[in-house]
Amino acid sequence: MRATVIHAPHDVRVEEVPDAAVRLPGDAVVRVLRACICGSDLWAYRGEAQRVPGQRIGHEFLGVVEETGSAVSGLRAGDLVVAPFMWSDGTCDHCSEGLYTSCADGGFWGSVGHDGGQGEAVRVPHADGTLVRLPAEAASDDHLLTGLLALSDVMGTGHHAALGAGVRQGATVAVVGDGAVGLCGVLAARRLGAERIIALGRHAARTDIAKLFGATDVVAERGEAAVAAVRELTRGFGAHAVIEAVGTEQSMRTAIGIARDGGSVGYVGVPHGSATGIDLDVMFDRNISLRGGVAPVRAYIPELLRDVLSGAIDPAPVFDRAVSLEGVPDGYRAMDDRSALKVLIKP
């Protein structure tokens, strides 16, 4: 089969690889209908996250079950399914508590020895605990299928950030980061009843999506200027809830700086750089809480799925470019130079 392989920084290729196949009784093979490139994939693409030459890449996909192992009981060939960005057994203590990303027998798509999502098919370990069945009719609705793909990562991650930030009915929320996760954080904040949502971003195409998703204000400044702008919009107080969706020292300092005293920061930006930007003295003095981390999106898919199917939320607009599988290298280049927000892959 054909799949995306990373050989070195800025060297992503689509190559022939061994076919995805059932190896263990709990496995399933999923033929990929939609996949995408994540902003976090760019850290490997740029050489800032190490990968073994020849390693697969891609962790967001949905598709059709082609084959199941003998122990799989909840799925059958022909089912349309979405996969969260990590697999998990669904039965361990962590999974039982909803923290699927800490599953002792879990793993990440594209890790050494495993298929990545950016290919024609994927072997799925622990298929019963990992995959979520979708309505079969969604396969013929291109827009809906695109929106459902967001459940594999960015919509669930934005929701996790909103929960960590304590977004509630009537709250003022600020979102640091105008990538796909930050935009889905705006959508999640609106879904949870935020009254005012301040999106921090300077790219008009992205802030336009933020407004579509429910942002009431846009702040284009960065650093101390951004802190001053948000405080001016909030009568000097800051936001009750802040979503941090970048992962740099500056973005975390901004998030803490724009939080209201007694507020919370929900962080989901993958940390990179030499420092965190967290000043515990400031947080202590101002009673600012910090919650977040890698999002256990498997826990959130069922409730978010209902809202996507009903039309209550539509994350599809975060995908602003589509490529074939063979066009994946061009998709990486487009996201790397920021000419694309999030690239959809149609194998």
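Our structure is the block above this text.
What you see is a predicted model; the values in this text were computed from it and never measured.

A. Looking closely at the sheet that holds strand E1 (residues 2–8). Ordered in space as E2-E1-E4, the three strands form an open sheet in which the pairing is antiparallel. The sheet is open, and its two borders are formed by strand E2 (11–16) and strand E4 (55–56), each paired with just one other strand. Bridging between E1 and E4 involves two bridges; their strand directions are antiparallel. In the strand pairing of E4, Val5 is matched with Arg56. Packed onto the sheet, helix H12 (residues 328–336) meets E1 and E2 and runs at close to 160° relative to E2.

B. Spatial organisation of the side chain of Ser251. Among the secondary structure elements, Ser251 is positioned in helix H9 (residues 249–258). Ser251 gets classed as buried once you look at its relative accessible area, which sits at 5%. A polar contact is formed between the side chain of Ser251 and the backbone oxygen of Thr248, at a distance of 2.8 Å.

C. Summary view of the pattern of salt bridges. Within the structure shown, the criterion is met by 20 salt bridges. Between Arg191 and Asp307 there is a salt bridge, with its nearest N and O atoms 2.6 Å apart. In this pair, Arg191 sits in helix H6 (residues 180–191) while Asp307 sits in helix H11 (residues 297–310), placing the two residues 116 residues apart along the sequence.

D. Spatial organisation of the packing of aromatic side chains. For the coordinates displayed, the defined rule picks out four aromatic pairs. Plain terms: the ring middles of Phe85 and Phe108 are 6.2 Å apart, the flat faces sit at 65° to each other, and that makes the pair edge-to-face. Taken together, the positions of Phe85 in the loop between strand E6 (80–83) and strand E7 (86–87) and Phe108 in strand E8 (residues 107–108) put the pair 23 residues apart, joining distant regions of the chain. Judged by its relative accessible area of 7%, Phe85 falls in the buried class.

E. Structural view of the sheet that holds strand E14 (residues 239–244). Spatially, six strands are ordered E13-E12-E11-E14-E15-E16 in an open sheet, and the strand pairing comes out parallel. The two strands at the open ends of the sheet, each matched to only one other strand, are strand E13 (217–219) and strand E16 (289–292). Direction aside, the axes of adjacent strands within the sheet are offset by 20° on average. In this sheet, strand E12 (residues 196–200) lies alongside strand E11 (residues 172–176) in parallel orientation, the contact comprising five bridges.

F. Representation of the pairing of strand E15 (residues 259–267) within the structure. Sheet topology note: the E14/E15 ladder contains five bridges and is parallel. Each bridged residue has a counterpart across the sheet, and for Ala241 the counterpart in E15 is Ser264. Bridging between E15 and E16 involves four bridges; their strand directions are parallel. Bridge pairing in E16 links Tyr267 to Gly292.

G. Highlighting the state of the cysteines. In total, this model carries zero disulfides according to the counting rule given. The cysteine Cys103 is free of any disulfide, with Cys95 supplying the nearest cysteine sulfur at 3.8 Å. On the basis of relative accessibility, which here comes to 8%, the residue Cys103 falls in the buried class. The thiol sulfur of Cys184 is not disulfide-bonded, and the nearest other cysteine sulfur, from Cys36, lies at 10 Å.

H. Region of the structure containing helix H7 (residues 204–213). Turning to H7, its buried residues are Arg206, Thr207, Ile209, Ala210 and Phe213. The buried residues of H7 occupy an angular sector of 150° when the element is viewed end-on, so they sit on one face. Looking at H7, the residues exposed on the side facing more than 90 degrees away from the buried face are Ala204, Ala205 and Leu212. Residues of H7 that are buried in the fold lie against H6, E12 and E13. Downstream of H7 by a residue or two, Gly214 has a phi angle that is positive, lying close to 125°.

I. Inspection of the environment of Ala204 at higher detail. Position of Ala204 relative to the elements: it lies in helix H7. Separated by 129 residues in sequence, Ala204 and Leu75 place their C-alpha atoms 43 Å apart.

J. Up close: the pairing of strand E5 (residues 61–68). Both strand E3 (residues 28–36) and E5 contribute to a ladder of seven bridges, which runs antiparallel. Opposite Arg34, over in E5, you have Leu62 as the bridge partner.

K. Summary view of the packing of helix H5 (residues 154–164) against H6. One can describe the packing of H5 onto H6 by two numbers: an axis separation of 7 Å at closest approach and a directional angle of 60°. The orientation of H5 with respect to H6, classified from their angle, is oblique. The handedness of the crossing between H5 and H6 comes out as right-handed. For the pair H5 and H6, the contacting residues are Val154, Met155, Thr157, Gly158, His159 and Ala162 in the first and Ala180, Val181, Cys184, Gly185, Leu187, Ala188, Ala189 and Arg191 in the second. In the contact of H5 with H6, the residues fall into nine nonpolar, four polar and one charged.

L. Just unusual backbone geometry, in detail. We note that His126 has phi near 50°; this positive angle belongs to a residue other than glycine. Locating His126 in the fold gives a position in the loop between strand E9 (121–124) and helix H3 (127–130). Given a relative accessible area of 26%, His126 falls into the partly exposed group. With a phi close to 55°, Asn287 is a non-glycine residue in the positive phi region. Tracing the sequence through the fold places Asn287 in the loop between helix H10 (280–286) and E16. What makes Asn287 exposed here is its relative accessible area of 57%.

Reading the values: the criteria
Residues numbered from 1 in each chain as written. Predicted model: local features only at pLDDT ≥ 70, side-chain atom pairs only at ≥ 80, totals over all residues. Heavy atoms only, no water. Pairing = 2+ DSSP bridges. Helix = DSSP H or I, 4+ residues; strand = E, 2+ residues; numbered from the N terminus. Contact = heavy atoms within 4.5 Å. Axes fitted to C-alpha atoms, helices over the stretch in contact; angles between N-to-C directions. Buried < 20%, exposed > 50% of the residue type's maximum accessible area, 1.4 Å probe, protein only. Polar contact = N/O pair within 3.5 Å; in protein donor to acceptor, adjacent residues only side chain to side chain. Salt bridge = Lys/Arg side-chain N within 4 Å of Asp/Glu carboxyl O. Phe/Tyr/Trp six-rings, centres within 6.5 Å; stacked < 30°, edge-to-face > 60°. Disulfide = S-S within 2.5 Å. Arc of directions from axis to C-beta. Parallel < 35°, antiparallel > 145°, perpendicular 65-115°, else oblique. Left-handed = near helix turned anticlockwise from the far one by under 90°. Nonpolar A, V, L, I, M, F, W, Y, C, P; charged D, E, K, R; others polar.

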